[in-house]
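Reading the structure
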Amino acid sequence: MAQKGVQLDQETFSCSICLDLLKEPVTIPCGHNYCMKCINGFWDGEEEKKIYSCPQCRQTFTPRPVVMKNTMLADLVEELKKTGLQAVPADHCYAGPEDVACDFCTGMKLKAVKTCLMCLVSYCEKHLQPHYDVAPLKKHKLVEPSKKLQENICSRHDEVMKMFCRTDQQIICYLCSVDEHKGHDTVSSAAERTERQRELEVSRQNIQQRIQDREKDVKLLQQEVEAINQSADQTVEHSEKIFTELIHLIQKRSSDVKQQIRSQQETEVSRVKELEEKLEQEITELKRKDAELKQLSHTEDHIQFLHNYPSLSALSESTDSSSINIRPLSYFEDMTAVVSEVRDKLQDILREERTNISLTVTEMDVLLSDPPEPKTREGFLKYSHEITLDPNTAHPHLLISDENRKATSMKQQQSYFDHQDKFTGMFQVLSKESLTERCYWEVERKGRVIIAVAYKNISRAWWRNECAFGRNDKSWALHCSKNSYTFWHNNIETPVSGHGSSRVGVYLDHRAGSHSNLIEKM
């Protein structure tokens, strides 16, 4: 007759208090076994209540039981140790409340080391071994332990959701694809993950580029603060020298002017510091967002990736770089000139009559303001700049000629050398010159063209809105048709009044963040 074997493991001879093999084992009245030191220490904690209980079954005893070493059990533990019984795993190997437990373990469950997306089961190291040894199981997809396996199951068909419906933007199972999603655009979750992963990388590139842009802006603002302070200090020094000559006449006015300069200095520095702090906060937020997207990009579970992607991919609104208004530093120098002129006039005026001269804040504001915006072509021409085109940025179907001052759309691809700055998605080209402060240039056109102002870091890739002039936040574009004009920025269209013209003037005030066009009929 066959005999049934009894398999004993370390849990059978473990103390449920210390989780280690029994040491000086004792048996209490309810029949459970503990280390003598462990049970006595447990009962010491119940001494005040004078009611003693079993840590496992909670049976109570009064009075406190007197326990003796169970010599038979002690000998059995020692004998089993010699035959290969090992100590139970350390406490950190067992699954806690925050851990993913092995679904195969019985009794005290060990921590899972992997989750199988095919079996929808989590395994400890021991129970995972068949997935490494058995050929069919080797093909299963193993990922980091997950508590969210139920989210991978279709609530309607109780099937694993391995497909994605692009029509409804929903994760579905195979039965859903032939049922309520029949005829929809469906792909595997892995294919959709690949597409979303590409979008994620583009988003990260944009974030990293924005971080670089904002860091450059912060450096520019820091330079402006330094220049403002230096210019203000020089102005104060010059003003004091001038007022020394008139100390007996306008000593009080000297103090007033000094105070006004310092006030203006404080106002300007405060403005720049406030914007600098805002940009620093945005850089911190972008870096945090980049870290979240990086962590998401490493998620092995396609389903979890698609669950979390919508909430993490959205970006907050960026601070507009045009709001960084770098004002001229000449306002402090102009102040010195005005004070000098006042000194000369005062010497003449005070001989004839006693006149109180007031240097009001309003007068200072007039001196500190920029020159008025030009209104006519003659006024614009004062800021005229010669613009040349950069062949390294030209689309392969654009012919750059006339000493890089003319661009012509061609059917044949031009033999320019490949360059990383070249536009590949749109028939576009940038200028070689960087545009700063106030500048004006004129464009002669034939047919339909787009005249634009763009940041140098605008995308060169084939994605339309990323690189097309006027369709993103990095460019401003005037679309010129035969008899009509429209202005585009950040994919928002604004009609522009004007008659058909073969010449268009472009005026840019970089410091003020303004841009306008002069359409002249030839």
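As the structure is a computational prediction, the values presented were derived from the model and not from experiment.

On to helix H1 (residues 36-44), then. Residues of H1 that are buried: Cys-38, Ile-39 and Trp-43. The buried residues of H1 occupy one face: seen down the axis, they fall within an arc of 125°. On its buried face, H1 sits against strand E1 (25-27), strand E2 (33-35), strand E3 (52-53) and strand E4 (60-61).

Our focus in this paragraph is the environment of Cys-30. Relative to the assigned elements, Cys-30 resides in the loop between E1 and E2. Distance in space between the C-alpha atoms of Cys-30 and Cys-57 is 8.1 Å, their sequence separation being 27 residues. Sequence-distant contacts of Cys-30, that is, excluding residues within four places in its chain, are made with Cys-54, Cys-57, Gln-59 and Phe-61.

This brings us to the UniProt feature "coiled-coil region" (unreviewed entry) in the protein chain. Sites flagged by UniProt as "coiled-coil region" (unreviewed entry) map to residues 204-231 and 258-299. Between the C-alpha atoms that bound residues 204-231 the distance is 40 Å, and the span itself is 100% helix and 0% strand.

With that settled, consider the pattern of salt bridges. Where charged atoms of side chains with opposite charge meet at close range, the side chains can pair. Tallied over the full model, the rule gives 28 salt bridges. Measuring nitrogen to oxygen at the nearest pair gives 3.3 Å for the salt bridge that ties Arg-271 to Glu-224. Of this pair, Arg-271 sits in helix H8 (residues 247-297) while Glu-224 is found in helix H7 (residues 189-245), placing the two residues 47 residues apart along the sequence. Owing to a relative accessible area of 5%, Glu-224 belongs among the buried residues under this scheme. In this structure, Glu-237 engages Lys-241 in a salt bridge whose closest nitrogen and oxygen atoms are separated by 3.9 Å. Note that Glu-237 and Lys-241 are positioned in helix H7 at a spacing of 4 residues, about one turn of the helix. Taking relative accessible area as the criterion, Lys-241 reaches 53% and is therefore assigned exposed.

The next thing to look at is the side chain of Gln-265. Assignment of secondary structure puts Gln-265 in helix H8. Owing to a relative accessible area of 12%, Gln-265 belongs among the buried residues under this scheme. A distance of 2.7 Å separates the side chain of Gln-265 from the side chain of Arg-262, its partner in a polar contact. Not counting chain neighbours up to four residues away, the residues in contact with Gln-265 comprise Ile-228, Asn-229, Ala-232, Asp-233 and Phe-332.

Attention now moves to helix H2 (residues 71-82). Over its 12 residues, H2 runs 17 Å from end to end, which matches the ideal 16 Å to within 8%, given 1.5 Å per residue. Inspection of H2 places Leu-73, Ala-74, Val-77 and Leu-80 among the buried residues, and these make up the whole buried set. Summarising the axial view, the buried residues of H2 lie within an arc of 130°, below the 170-degree limit, and thus occupy one face. Along H2, exposed side chains directed more than 90 degrees from the buried face belong to Thr-71, Met-72, Asp-75 and Lys-82. Tucked inside the fold, the buried residues of H2 contact E1 and E2. Capping the start of H2 is the job of one residue whose side-chain oxygen sits 3.3 Å from the backbone nitrogen of Met-72: Asn-70.

This next bit is on unusual backbone geometry. The omega torsion across Thr-62 and Pro-63 is 0°, close enough to zero to call that bond cis. One can find Pro-63 in the loop between E4 and H2. Despite not being glycine, Lys-50 has its phi angle at roughly 60°, a positive value. On the accessibility criterion, Lys-50 (49% relative accessible area) is partly exposed. The backbone phi angle of Asn-491 is positive, close to 65°, even though this residue is not glycine. As for its placement among the helices and strands, Asn-491 is situated in the loop between strand E16 (485-489) and strand E17 (492-496). Note on Asn-491: relative accessible area 35%, which makes it partly exposed.

On to a nonpolar patch on the surface. On the surface, Tyr-174, Leu-175 and Val-178 cluster together into a nonpolar patch covering about 300 Å² of accessible area. With respect to the helices, strands and loops of the structure, Val-178 is situated in the loop between helix H6 (174-177) and strand E10 (186-188).

This next bit is on the sheet that holds E10. Spatial ordering of the open sheet is given by E9-E8-E10, a layout of 3 strands whose pairing is antiparallel. Edge strands, defined here as strands with exactly one partner in the open sheet, are strand E9 (170-172) and E10. Strand after strand, the sheet turns through a mean of 35° between neighbouring axes, direction not considered. Sheet analysis places strand E8 (residues 163-165) next to E10, joined by 3 bridges and oriented antiparallel. Within E10, the position partnered with Phe-164 by the bridge is Val-187.

Further remarks concern the sheet that holds E16. Pairing is antiparallel in the open sheet, where 4 strands are placed in the order E14-E15-E16-E17. Lying at the two open borders of the sheet, with one neighbouring strand each, are strand E14 (449-454) and E17. Taking each pair of neighbouring strands and ignoring which way they run, the sheet shows an average axis angle of 20°. Pairing analysis gives 6 bridges linking E14 to strand E15 (residues 475-480), with the strands arranged antiparallel. Looking at E15, one finds that Val-449 is bridged to Cys-480.

Let's shift gears to the packing of aromatic side chains. Aromatic rings considered in pairs are described by the distance between their centres and by the relative angle of their planes. Scanning the entire structure with this criterion turns up 9 aromatic pairs. Centre to centre, the rings of Trp-43 and Tyr-52 are 6.4 Å apart; their planes meet at 70°, and the pair counts as edge-to-face. Given the relative accessible area of 4%, Tyr-52 is considered buried. On the numbers, 5.3 Å between centres and 15° between planes, the contact of Phe-380 with Tyr-440 is stacked. Highlighted residues: Phe-380 in helix H12 (residues 377-380) and Tyr-440 in strand E13 (residues 438-444), separated in sequence by 60 residues. According to the relative accessible area criterion, Phe-380 is buried, its value standing at 8%. Three or more aromatic residues link up through ring pairs in this structure, and these residues are Phe-380, Tyr-383, Tyr-440 and Tyr-507. The side chain of Arg-193 reaches across the aromatic face of Phe-305, ending 4.0 Å from its centre. Its guanidinium or amino end placed over the ring of Phe-423, Arg-460 lies 5.1 Å from that ring's centre, counting from NZ or CZ.

Reading the values: rules and limits
Residues numbered from 1 in each chain as written. Predicted model: local features only at pLDDT ≥ 70, side-chain atom pairs only at ≥ 80, totals over all residues. Heavy atoms only, no water. Buried < 20%, exposed > 50% of the residue type's maximum accessible area, 1.4 Å probe, protein only. Helix = DSSP H or I, 4+ residues; strand = E, 2+ residues; numbered from the N terminus. Arc of directions from axis to C-beta. Contact = heavy atoms within 4.5 Å. UniProt positions renumbered as here; feature names shortened; annotations may be inferred. Salt bridge = Lys/Arg side-chain N within 4 Å of Asp/Glu carboxyl O. Polar contact = N/O pair within 3.5 Å; in protein donor to acceptor, adjacent residues only side chain to side chain. Expected span 1.5 Å × (residues − 1). Patch = residues over 30% accessible without salt bridge, like charges linked within 9 Å, V, L, I, M, F, W, Y side chains within 5 Å. Areas by Shrake-Rupley, 256 points an atom, 1.4 Å probe, with all protein chains shown as cover. Pairing = 2+ DSSP bridges. Axes fitted to C-alpha atoms, helices over the stretch in contact; angles between N-to-C directions. Phe/Tyr/Trp six-rings, centres within 6.5 Å; stacked < 30°, edge-to-face > 60°. Lys NZ or Arg CZ within 6 Å of the ring centre and 35° of its normal.

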